[in-house]
Each structure stands twice: as structure tokens, then as C-alpha cells.
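Structural description and commentary
Spelled out, the chains give:
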Amino acid sequence: MSIATYSELNTVTPESSTGADDALELSVIMPCLNEADTLEICVEKAQRAMREHGIAGEVVIADNGSTDGSPEIAARLGARVVHVEAKGYGNALMGGIAAARGHYVIMGDADDSYDFLEIPKFVLKLRDGFDVVQGCRLPAGGGRVLPGAMPTLHRWCGNPMFSLRARKWFHTPIHDIYCGLRGFTKSFYENLNQRCTGMEFATEMIIKASLYGASIAEVPITLHPDGRKSHAPHLKTFRDGWRTLRFFLMYSPRWLFLFPGALLILLGAFGYALALPGVTMRGVTFDAHTLLFSSLAVLLGYQSILFAIFTKTFAISEGLMPEDPHMNRFFNIVNLERGLVISTAALIVGLALLAAAVGQWWQSGFGHLDYSRTMRWVIPGATLTALGFQTMLSSFFVSILGMRRR
């Protein structure tokens, strides 16, 4: 039973870390920005939990530019202080984790809202072989939120909504995606290649872990009221809520681009089915204007689907997402050459329709035309020409994007 302790002079930067230490099982990482009110009790709880349960570990304070004496408090208590210059919650955690010397890492905020005496149950799950162990504060996952510990909007709206969305979109097996108290193996984290430097860091970890098929466990914890008195919480409800939604959408091209695009194309096709024959329903006639609106829907929808393909291809090639069997099958069927054949055929048909419209104009002596009749040639012709041209360019572009992936 031992705890690694360090003197006040033993402060480091992330770059000076020597990596995992075989003698240490656990590193407890606390991001810190002016947490003098609560830092001491958090460090002492973490040290006590490790001491009483025979966990060989260390406490690492990832200081993000504190001016209230927090680093000195941490060093006095025997914690190791890592100075992280780049601002942001994610940057602080990246710096602290990079400097961690333990095989396992547990991260948690230093505001005394998380009880670090609950560390041992995270360690037990990690010892069982889980890659990630997520805390859950919500009753849905067995957790508990003490009165005044979580704003009402977060408790009943934001957190449950985003957690549900994560389960539906990314199949994350958890009920509290925002919980900042979590554990993971350092080796697994190093393979995640996380990018987010702000508060999205924690969300990115869970989503990427789910996408890459990590083994994820959830343990119930109790959330306590924030113990800080000198300043308000760093979290901003609407700003950070939008950033979470933005991240969800960026990591889900299917919901951001593919499904809306498919819906638009279906609406456009339905409009074509009504407008081309000039259907009249209950006194409403669907004519050239309906055709024009339908073409707009088709073009927008097709562009949206192309963005879904571009985004997914880029994300896979950059390691942001794992290989997708659906994408592999798609590219086996729709390669550059076939894309060029399809686009050429669309261009030929589209230009032929436009030429037919010009022929009608020529037959009328380049005078006035029956637009209701002529536009049935012009609008589909222009639409097919645009779709063909887009397909031709996109075939080359997606091939370039996918070069690293293949």
C-alpha cells in the first residue's frame, strides 16, 4: 500500500512526463483553474481512498493558469502539479493525462462535487478489464443528485436529453454522458487520439470509445453541491449545451446530412410525380412552379448526401472514426469510374432535355413560349445537368479524400 508523493519543487510540464510507471496502478487527474476553495479536500479524499484500499497511485493536478495559490496547495499536500499553458478544460486534462504515471487514470473536477472516496469502485471495474468506467449521477443509472447539486435545466432536460441521444446515435451504454468522474486505462486513451480542447473533451471520449467498440462500464455515484465560494462554476448552460449538440452532429454525418438529404429527395420526387403529369387535387393544380420547388429539394438533398459521404470519408481517413462496413461496401459498388459513367449519363440526358427546350423555342421563331409546357423540359434538364456535374466533381473529390483510408 503506497502513494507516490512529490515535493513542492517537483512540478512539471506535460512534455517532461516519463510515461507510465510500473509501480503505480492509478493516477487521479484533477483539472484546476483557481480551485483553492475545494482543492485541498479533493486531494485529501483521493489520497485517503487510495491509502485505505491499498491502491498504489498518485494525484496529479493539471493546473491551467491558477492565480489563487492552487498549485501551492496541491504541492503542499503531496500531489504532483502539471502546468498546462494552453487554456481549456480539454487541454488541461490532456496535459495531466500525458503526465500520468499510472496504468489506470481517473479524472474528476476539483470543485468537491464529486466524492473521490468513490474511487475504489472505479478501480475494481478497471481491474475487471473494462477500457472505460463512467460515473453516473442520475437515478436512471443508479446514481444520486443531492439537492442543489445540479441546475434544474441540466438535471431534467439537458443531461437526460443528450445522454439519450448518445445512446440512440452512438450506442453508448451509459445514462450520464456529462459526468466528469470517470476512469480508463492510459493505453486505451492514448489510442483514442482525442482532439477537443474544451468541455467537449469528456463527451468526445465516450462517443469515440463507443464507436471504436471499447468495453464500457457504468458505476453509480453521488453528486454533491459545488463547494466553491470565490467564483461561479465554469460551465455555461446554453453555450456548452450548443457545443455538445454541435459535437454530436459533427460526429454523426448520418443525422446531420444523410437523413435530411434523403428526406428532401423523397419530397422532391413526390413533387415530380405530381407536377410532371399536372395532377389536380381538390382544386389545386401542381404545375411548373411545383416542379421548380421539387427540383430545388432534390438538388439540396443530393448535396446534403454528398456532404455525408465526404464527412464520413474524411473522418475515417483521419482516424476520427473507425472503419465503417457500410462505407466499404458503398465504395466497392460506387467507385470513381462508375461515378463518372453515371454522371456522364445524367449530363447527356440533362443536356438533351435542354436542347429539346431550345428546339421548341426555335420552332416558335424564338418568340413567346408556353412556359407550362416548356418548363417540363427545362427544369428536369437543368436538374439532371446539375446533378451530373456535381456527381462528376464529387467522384474525384471523394476519391482524393479516401486515398489515405485505403
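Scroll up to find the structure this text is about.
Residues numbered from 1 in each chain as written. Predicted model: local features only at pLDDT ≥ 70, side-chain atom pairs only at ≥ 80, totals over all residues. Heavy atoms only, no water.

Some thoughts on a nonpolar patch on the surface
Under the convention used in this document: Only residues whose relative accessible area exceeds 30% and that form no salt bridge are eligible for patches; like-charged ones are grouped when within 9 Å, while nonpolar side chains (Val, Leu, Ile, Met, Phe, Trp, Tyr) are grouped when within 5 Å. Residue exposure ignores everything except the shown protein chains as possible cover, and the areas themselves are Shrake-Rupley values with a 1.4 Å probe. By definition, a salt bridge exists where a carboxyl oxygen of Asp or Glu is found within 4 Å of a side-chain nitrogen of Lys or Arg. Every helix listed is a DSSP run of H or I at least four residues long, and every strand listed is a run of E at least two residues long, numbered separately from the N terminus.
Taken together, the side chains of Val358, Trp361, Trp362 and Phe366 define a hydrophobic patch exposed on the protein surface, amounting to about 470 Å² of accessible area. Mapped onto the secondary structure, Phe366 falls in the loop between α12 (336-363) and α13 (371-401).

With respect to the packing of aromatic side chains
Formally: Pairing of aromatic side chains requires ring centres within 6.5 Å, counting the rings of Phe and Tyr and the six-membered ring of Trp. Pairs whose planes differ by under 30 degrees are stacked, by over 60 edge-to-face, and all others tilted. The buried label applies to any residue whose accessible area, calculated with a 1.4 Å probe on protein chains only, is under 20% of its type's maximum; exposed applies above 50%, and partly exposed to all values in between. A ring is scored as having a charge over it whenever the NZ atom of a lysine or the CZ atom of an arginine sits within 6 Å of its centre and within 35 degrees of its normal.
Summed over the entire model, instances satisfying the criterion amount to 14 aromatic pairs. Arranged with centres 6.4 Å apart and planes meeting at 50°, the rings of Trp169 and Phe248 form a pair that is tilted. Of the two residues, Trp169 sits in helix α5 (residues 152-170) while Phe248 sits in helix α8 (residues 237-250), which places them 79 residues apart along the sequence. Across the pair, exposure class does not vary: Trp169 and Phe248 are buried alike. Taken together, the ring pairs in this structure connect Phe162, Trp169, Phe170, Tyr178, Phe248, Trp255 and Phe259 into an aromatic cluster. Seen from the ring of Trp156, Arg155 lies directly overhead, with NZ or CZ sitting 3.9 Å from the centre.

Looking at the side chain of Asp176
Put simply, the test is: Polar contacts, as used here, are pairs of N or O atoms within 3.5 Å; protein pairs need one atom able to donate a hydrogen and one able to accept it. Residues neighboring in sequence count only if both atoms are side-chain atoms. Residues are treated as being in contact if the distance between any of their heavy atoms lies within 4.5 Å.
Within the fold, Asp176 resides in the loop between α5 and β8 (182-185). Overall, the relative accessible area of 0% leaves Asp176 in the buried class. Polar contacts involving the side chain of Asp176 include one to the side chain of Asn159, which spans 2.9 Å. Sequence-distant contacts of Asp176, that is, excluding residues within four places in its chain, are made with Gln134, Gly135, Cys136, Arg137, Leu138, Asn159, Ser163 and Glu218.

Topic: the environment of Phe270
Relative to the elements of secondary structure, Phe270 occurs in helix α9 (residues 253-275). Sequence separation between Phe270 and Ser294 is 24 residues; the distance between their C-alpha atoms is 7.9 Å.

Re the pattern of salt bridges
A side chain with one charge can pair with a side chain of the opposite charge if their charged atoms come near. Applying the stated criterion to the full structure yields 12 salt bridges. Put simply, Arg48 and Glu52 hold a salt bridge, and the shortest N to O gap is 3.0 Å. Of the two residues, Arg48 and Glu52 both sit in helix α1 (residues 39-52), four residues apart, roughly one turn of that helix. Take Arg48: its relative accessible area is 38%, and that puts it in the partly exposed class. Asp324 is the salt-bridge partner of Lys312, the closest N and O atoms lying 2.6 Å from each other. Remark: Asp324 occurs in the loop between α10 (288-317) and α11 (325-333) and Lys312 occurs in helix α10; sequence separation between them is 12 residues.

Observations concerning the nonpolar core
To be explicit about the condition: Nonpolar cores are built from buried Ala, Val, Leu, Ile, Met, Phe, Trp, Tyr and Cys residues. Side-chain atoms within 4.5 Å join them into one set.
Ranked by internal contacts, the top residues of the largest apolar core, which has 48 residues, are Ile97, Ile177, Phe184, Phe201 and Phe248. Within the second largest apolar cluster, 40 residues are counted, among which are Cys42, Ile106, Leu138 and Leu146.

Examining helix α3 (residues 89-99)
With respect to burial, α3 is a largely interior element, nine of its 11 residues being buried. Within the sequence span of α3, burial applies to Gly90, Asn91, Ala92, Leu93, Met94, Gly95, Gly96, Ile97 and Ala99.

A few points about the environment of Trp361
Tracing the sequence through the fold places Trp361 in helix α12. With 13 residues separating them in the primary sequence, Trp361 and Thr374 have C-alpha atoms 8.6 Å apart.

Some points on the pairing of strand β5 (residues 104-107)
Stated formally: Strands were regarded as paired on the criterion that DSSP finds at least two bridges between them.
Going residue by residue along β5, you find Tyr104 and Ile106 tucked away on one face and Val105 and Met107 tucked away on the opposite face as well. Pairing geometry for strand β2 (residues 26-32) and β5, over four bridges, is parallel. Bridge pairing in β5 links Ser27 to Val105.

Details of unusual backbone geometry
Positive phi, close to 55°, is recorded for Asn34, a residue that is not glycine. Counting through the fold element by element, Asn34 comes out in the loop between β2 and α1. Even without a glycine there, the phi angle at Asp112 is positive, about 70°. Under the relative-accessibility criterion, Asp112 is labelled buried at 16%.

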